[in-house]
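Take a look at the letters that make up each chain.
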Amino acid sequence: MSLDAKIPQGPLAEKWSKHKFNLKLVNPANKRKYDVIVVGTGLAGASAAASLAELGYNVKAFCFQDSPRRAHSIAAQGGINAAKNYQNDGDSVYRLFYDTIKGGDYRAREGNVYRLAEVSVNIIDQCVAQGVPFAREYGGLLDNRSFGGSQVSRTFYARGQTGQQLLLGAYSALNRQIHLGKVKMYTRSEMLDVVTIDGQAKGIVTRSLINGNIETHSGHAVLLCTGGYGNVFYLSTNAAGSNVTAAWRAHKRGAFFANPCYTQIHPTCIPVTGDHQSKLTLMSESLRNDGRVWAPKTVETAEQLRKGQIKAADVKEEDRDYFLERKYPSFGNLVPRDVASRNAKEMVDEKRGVGGSGIAVFLDFADAIKRLGQEAVAAKYGNLFDMYYQITDEDPYKQPMRIYPAVHYTMGGLWVDYNLSTNVPGLYALGECNFSDHGANRLGASALMQGLADGYFVIPYTLGDYLATIGPKPVDANHPAFEKTKQEVIAHVNKLLALKGTKTVNEYHRDLGHIMWEYCGMARTEEGLTKAKGLIQALRADFWKNAIVVGANEEVNASLEKAGRVADFLELGELMVDDALMRKESCGGHFRLESQTEEGEALRDDDNFAFVGAWEYKGDNQPEVLNKEILDFEFVHLTQRSYK
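Throughout this document, residue positions are counted from 1 along each chain, in the order its sequence is written. Restriction of local features to residues with pLDDT of at least 70 applies here, the model being predicted, together with a cutoff of 80 or more for giving and counting side-chain atom pairs; totals for whole chains, interfaces and linings are based on all residues. To get the side-chain values, all heavy atoms of the structure are used, and hydrogens and water are removed first.

Any details on empty space enclosed by the protein? Residues and values, ideally.
Take a probe with the size of a water molecule and roll it over the atoms, and the empty space left behind shows itself. Buriedness of a pocket was judged along seven lines, with at least five required to meet protein on both sides within 12 Å; pockets are open sets of points on a 1 Å grid over the protein atoms alone, cavities are sets where a 1.4 Å probe fits but cannot get out, and lining residues have an atom within 4 Å of a point. Grid points are joined across faces, edges and corners, and a volume is the space filled by probe spheres set on the points. Scanning all chains against the criterion turns up seven cavities of 30 Å³ or more. Quantified by volume, the largest cavity comes out at close to 100 Å³. Around the largest cavity, the lining residues are Glu190, Leu192, Arg207, Thr245, Arg249, His492, Val493, Leu496, Leu560, Glu561, Gly564 and Arg565. For the lining of the largest cavity, the secondary-structure elements that each account for two or more residues are β6 (189-197), α7 (245-252), α14 (480-497) and α17 (558-582). Residue contributions to the lining of the largest cavity peak at four residues, all from α17. By residue class, the composition of the lining of the largest cavity is four nonpolar, three polar and five charged. Going along the chain from the N terminus, every DSSP run of H or I of four or more residues is numbered as a helix, and every run of E of two or more is numbered as a strand. Note on residue categories: nonpolar means Ala, Val, Leu, Ile, Met, Phe, Trp, Tyr, Cys or Pro, charged means Asp, Glu, Lys or Arg, and polar means any other residue, Gly included.

Break down the sheet that holds strand β15 (residues 401-410) for me, with residues and values.
A pair of strands is treated as paired once DSSP finds two or more bridges between them. Read across the open sheet, the five strands follow the order β11-β15-β14-β12-β13; overall the sheet is antiparallel. Single-partner strands in this sheet number two, and they are β11 (263-269) and β13 (320-321). Alignment of strand β12 (residues 292-296) against strand β14 (residues 361-364), held across three bridges, turns out to be antiparallel. Bridge pairing in β14 places Trp294 opposite Phe362.

Can you lay out helix α6 (residues 162-180) for me, pointing to particular residues and giving the numbers?
In this model, α6 (19 residues) spans 28 Å end to end at C-alpha, consistent with the 27 Å of a helix rising 1.5 Å per residue. Burial classes: relative accessible area under 20% of the type maximum marks a residue as buried, over 50% as exposed, and values in between as partly exposed (1.4 Å probe, protein chains only). Within the sequence span of α6, burial applies to Thr162, Gly163, Gln165, Leu166, Leu167, Gly169, Ala170, Tyr171, Leu174 and Gln177. Contacts between residues were defined by any pair of non-hydrogen atoms, one from each residue, lying within 4.5 Å. For α6, the elements touching its buried residues are α3 (43-55), β3 (80-81), α5 (110-129), β4 (155-156), β5 (183-186) and α13 (447-470). Looking one or two places after α6, you find Gly181, whose phi comes out positive at around 85°. Helices are assigned an expected span. That span is 1.5 Å times one less than the residue count.

So, the nonpolar core: which residues are in play, and what are the values?
Membership of the largest hydrophobic core comes to 151 residues, with the highest contact counts inside it found for Ile80, Leu223 and Phe543. Per element, the largest residue contribution to this core is 13 residues, and it comes from α17. Definition used in this section: a nonpolar core is a set of buried Ala, Val, Leu, Ile, Met, Phe, Trp, Tyr and Cys residues joined via side-chain atoms within 4.5 Å.

Explain the side chain of Asp290 to me, and be specific about the residues and the numbers.
Within the fold, Asp290 resides in the loop between β11 and β12. For Asp290, a relative accessible area of 8% gives the class buried. Residues adjacent in sequence count toward polar contacts only when both atoms are side-chain atoms; beyond that, a polar contact is any pair of N or O atoms within 3.5 Å, and within protein one must be able to donate a hydrogen and the other to accept it. Engagement of the side chain of Asp290 in a polar contact is seen with the side chain of Arg371, the distance being 3.0 Å. Contact partners of Asp290, with chain neighbours within four places excluded, come to Asp364, Phe365, Ala368, Arg371, Leu372, Lys380 and Tyr381.

So what's going on with the packing of aromatic side chains? Residues and values would help.
Centre distance within 6.5 Å is the pairing criterion for rings of Phe, Tyr and Trp, where only the six-membered ring of Trp is used; planes under 30 degrees apart are then read as stacked, over 60 as edge-to-face, and the remainder as tilted. Scanning the model with the defined rule gives 23 aromatic pairs in all. Between Tyr508 and Phe543 the ring centres are 5.4 Å apart and the planes differ by 80°, which places this aromatic pair in the edge-to-face class. Of this pair, Tyr508 sits in helix α15 (residues 505-519) while Phe543 sits in helix α16 (residues 526-546), and the two are 35 residues apart along the sequence. Phe543 carries the same exposure label as Tyr508, and that label is buried. Aromatic ring contacts, followed pair by pair, group Phe365, Tyr381, Phe385 and Tyr397 into a single cluster. By definition here, charges over rings are those cases where NZ of Lys or CZ of Arg is within 6 Å of the ring centre and within 35 degrees of the ring normal. Over the ring of Trp16 we find Arg115, and its NZ or CZ is 4.7 Å from the ring centre.

Describe in detail the side chain of Asn112, supporting the description with residues and values.
Along the chain, the position of Asn112 falls in helix α5. Not counting residues up to four positions away in its chain, the partners in contact with Asn112 are Ile7, Asp417, Tyr418, Ser436 and Asp437.

Tell me about the packing of α15 against α17, residues and numbers included.
Running from amino to carboxyl end, α15 crosses α17 at an angle of 20°, the nearest separation of the two axes being 10 Å. As summarised for this structure, α15 and α17 are arranged roughly parallel, according to the angle between their axes. Where α15 crosses over α17, the two elements pack in a sense that is left-handed. Contact with α15, carried on its side by Val505, Asn506, Tyr508, His509, Leu512 and Met516, involves Lys562, Ala563, Val566, Phe569, Leu570, Gly573, Met576 and Val577 of α17 and no other residues of that element. Split by residue class, the contact of α15 with α17 holds ten nonpolar, three polar and one charged. Interaxial angles span 0 to 180 degrees and are taken between N-to-C directions of axes, which are lines fitted to C-alpha atoms, for helices over the stretch in contact. Under this scheme an angle from 65 to 115 degrees is roughly perpendicular, one under 35 degrees roughly parallel, and one over 145 degrees roughly antiparallel; angles in between are oblique. Left-handed describes a crossing in which the near helix is turned anticlockwise from the far one by less than a right angle; the clockwise case is right-handed.

I'd love a proper account of the pattern of salt bridges, names of residues and values included.
A pair can form between side chains of opposite charge whenever their charged atoms are brought close. For this document, the term salt bridge refers to a Lys or Arg side-chain nitrogen within 4 Å of an Asp or Glu carboxyl oxygen. Using the criterion set out here, one finds 46 salt bridges in the structure. Between Lys6 and Asp417 there is a salt bridge, with its nearest N and O atoms 3.7 Å apart. Placement of the pair is Lys6 in the segment before α1 (15-22) and Asp417 in the loop between β16 (413-414) and β17 (427-429), with a sequence separation of 411 residues. Here the salt bridges share partners, and the residues they tie into one network are Asp105, Arg107, Asp338, Arg342, Arg583, Glu585, Arg604, Asp606 and Arg641.

Account for the environment of Met449, naming residues and giving values.
If you trace the backbone, Met449 turns up in helix α13. The contacts of Met449, once residues within four sequence positions are left out, are Ile80, Asn81, Leu96, Leu116, Ser120 and Ile123.

Before we move on, can you summarise the packing of α7 against α17 with the specific residues and values?
It is at 10 Å that the axes of α7 and α17 come closest, and there the two elements cross at 60°. Regarding the angle of α7 to α17, the classification is oblique. Seen from above, α7 lies across α17 with left-handed handedness. Where α7 abuts α17, its residues Thr245, Trp248, Arg249, His251 and Lys252 lie against Gly564, Arg565, Asp568, Glu571, Leu572 and Leu575. A class-by-class count of the residues in the contact of α7 with α17 yields three nonpolar, three polar and five charged.

An account of the sheet that holds strand β1 (residues 35-39) is needed here, citing residue identities and associated values.
As summarised here, the arrangement of the five strands in space is β5-β2-β1-β9-β17, forming an open sheet in which the pairing is parallel. Among the strands making up the open sheet, the edge pair consists of β5 and β17. Across the sheet, the axes of successive neighbouring strands diverge by a mean angle of 20°, strand direction being ignored. Pairing geometry for β1 and strand β9 (residues 221-224), over four bridges, is parallel. Following the sheet pairing, Val38 is matched in β9 by Leu223. α13 contacts β1, β9 and β17 of the sheet and is inclined by roughly 150° relative to β9.

So what's going on with α15? Residues and values would help.
In this model α15 runs 21 Å from its N-terminal to its C-terminal C-alpha over 15 residues, within 8% of the 21 Å that 1.5 Å per residue would give. Inspection of α15 places Val505, Tyr508, His509, Leu512, Gly513, Ile515, Met516 and Tyr519 among the buried residues, and these make up the whole buried set. One face of α15 carries all of its buried residues, which in axial projection span an arc of 165°. Close packing links the buried residues of α15 with β18 (503-504), α16, β19 (547-548) and α17. Relevant arc is that of directions from the helix axis to the C-beta atoms, nothing else.

As structure tokens, this is what we get:
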């Protein structure tokens, strides 16, 4: 099946403007006749709910946290991109578009990416108006810094708390609408299924995480804004509660899942210390502006460091390998994340890693402190340095940080067209929940940009087109489909509660994470992926025989919550492996060892794989069917990506 992305015709810079004009409108008096469900209240969800309510729609917003303020968007550190060219260093909307297409290794849609770059300039104005305290220069103008994959400074930031400040801005807008009665907020509610009537999404089924009540909610449209699926790897930089359940249940109701194998490994994370950890901690990519990444030049020096016989400061300059600066002189330490991550892994594979485990490289600020002074470095990165010190008991002002790649962001997600609609009419996916804007690798500081672009500036236009088409007739909440879907959810919950084996759900999650990281992580092979598929199938079968879920439904039950999420991860993990096996090329975060250049870079196969792989669910334990959306590049010339 060939998928229609509904990209508007015409010049790149005019596509979005012309498309907005051609979309159907809902007049203000009719907007209050429509109910819209928004699942997830991070940046994409909160901005969408607030914007749609401001327009006059009746919004029902759901989150499993006790407050929208606890959405994982709050953890984003480094910044948000926008093509305002405040630095007068050559930036433009087209350059942001080009950097994003190139950074995604030519596996993203041109139309979507250009729109993202185009509306980025409006996001900053919107957030400033909400009171977001972006960093400012001495004269009072908004400050910018650089991020990976770019040679200009376009990243706006609020120290290392950008996600928190942006979310507070969206949260304030959402709260205003809650106060006005246009948004009804459901906290501590987890979405467990989508209700479809005649092939259209008309509601959801939720479970209260307080008392276990399973309820149905109707709406003219359902917007999923539930983030990514990085926790399929168990250890990631995501919050421990982040999961794929909402998107996966939608997938099992017919929504295609696109490019699941595209996983971003972030290069600057605090290394793993043992099996006791439930998550990993990110050190912002912004640190690579002033920090220099290096490893010892020889295995002998590395061994001395690992054994504690010498300290980093004892390693002479000529004995250090600033490998990113050496290999990529044009971009240096600011190469894209996938490139930086693979090179750090290369150092460790060559036994030149540092730290007690040997699975780390250094991120050194000695030169920056010498050049700028400690006070200036602290002004830029102080809270990040403090966080590192609290976790490691090492002072990064006095010794280099130890960093190593970790799972961070997922570029794959539910397939959507230009209007952010899945292939199921009435079901939309926004932010990291969809696949649309980043290709095979996301540039740093673009996640916040996409979430807010989708919520503030895209869905308010495109959703109206669908609603105007179906009309304002109320959704029949007594339709048999609601009760049928509810009973199916209850049966699934009872199936989980019936598990009385001996192995905890967390153990299964950790085992799955080990398989995924080992065989579907930074480097992948045909042999390893084939082995992983068998291991995951065996693990899933064992889960349904030997897992233990304690407690009952009618109570706070973390064991039950986790069991449902891990059951979905076990199914998703196999699909990720299938996708990686199918894609016999390397591109961005998907690196097949069989497909690399002589210099060890990702080698694409544009003749055979310049498409979006969208998978169609065909039933439990049945192979999924691959649908392709061919990627057409009219404005960017396909070329081997180079950051040298």
